Amino acid sequence: RLLGELAAVVVYAPWCQFCQAMEEEYSKLSEEAGIPTYKFRGDEQREYVQANWNTESFPTINLVKPDGEVVKYESEDRSVKALADFVKSAA
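Residues numbered from 1 in each chain as written. Predicted model: local features only at pLDDT ≥ 70, side-chain atom pairs only at ≥ 80, totals over all residues. Heavy atoms only, no water.

1. Section: the sheet that holds strand S1 (residues 7–12)
At step 1: One open sheet accounts for 4 strands, arranged S2-S1-S3-S4; its pairing is mixed. Each edge of the open sheet carries a strand with a single partner, namely strand S2 (37–41) and strand S4 (70–72). Strand-to-strand twist of the sheet, defined as the mean angle between neighbouring strand axes without regard to direction, takes the value 30°.
At step 2: Helix H1 (residues 17–33) rests against S1, S2 and strand S3 (60–64) of the sheet, and its axis sits at about 150° to S2.
At step 3: The sheet contacts of helix H3 (residues 80–90) involve S3 and S4, and relative to S3 the element is tilted by about 35°. (Pairing = 2+ DSSP bridges. Helix = DSSP H or I, 4+ residues; strand = E, 2+ residues; numbered from the N terminus. Axes fitted to C-alpha atoms, helices over the stretch in contact; angles between N-to-C directions. Contact = heavy atoms within 4.5 Å.)

2. Section: the packing of H1 against H3
At step 1: Their axes nearest at 9 Å, the elements H1 and H3 cross at an angle of 45°. Taken together, H1 and H3 sit at an angle that is classed as oblique. In this structure, H1 crosses over H3, and the sense of that crossing is right-handed. Residues Met22, Glu25, Lys28, Leu29, Glu32 and Ala33 of H1 pack against Val80, Leu83, Ala84 and Val87 of H3.
At step 2: Taken together, the residues of the contact of H1 with H3 sort by class into 7 nonpolar, no polar and 3 charged. (Parallel < 35°, antiparallel > 145°, perpendicular 65-115°, else oblique. Left-handed = near helix turned anticlockwise from the far one by under 90°. Nonpolar A, V, L, I, M, F, W, Y, C, P; charged D, E, K, R; others polar.)

Structure, rendered in structure tokens:
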């Protein structure tokens, strides 16, 4: 886990068209929200991402708080503004 820092973790699958469509948004989120954004390939470790990263489908966006708490982004609005607002409200 990413203890000690606030970060976004995107659990993705390279074959997922929705993940591919969001690729540019991840880096924009880092710039907009001022936090690091990490990608984790989840299709090869489904049991792990289901148990640890709130992931049932791709992409799944999580905010990891400094204490290690993982908060899932539940909205279907994948705009940079909506994601940045989520980071600010959940931080």
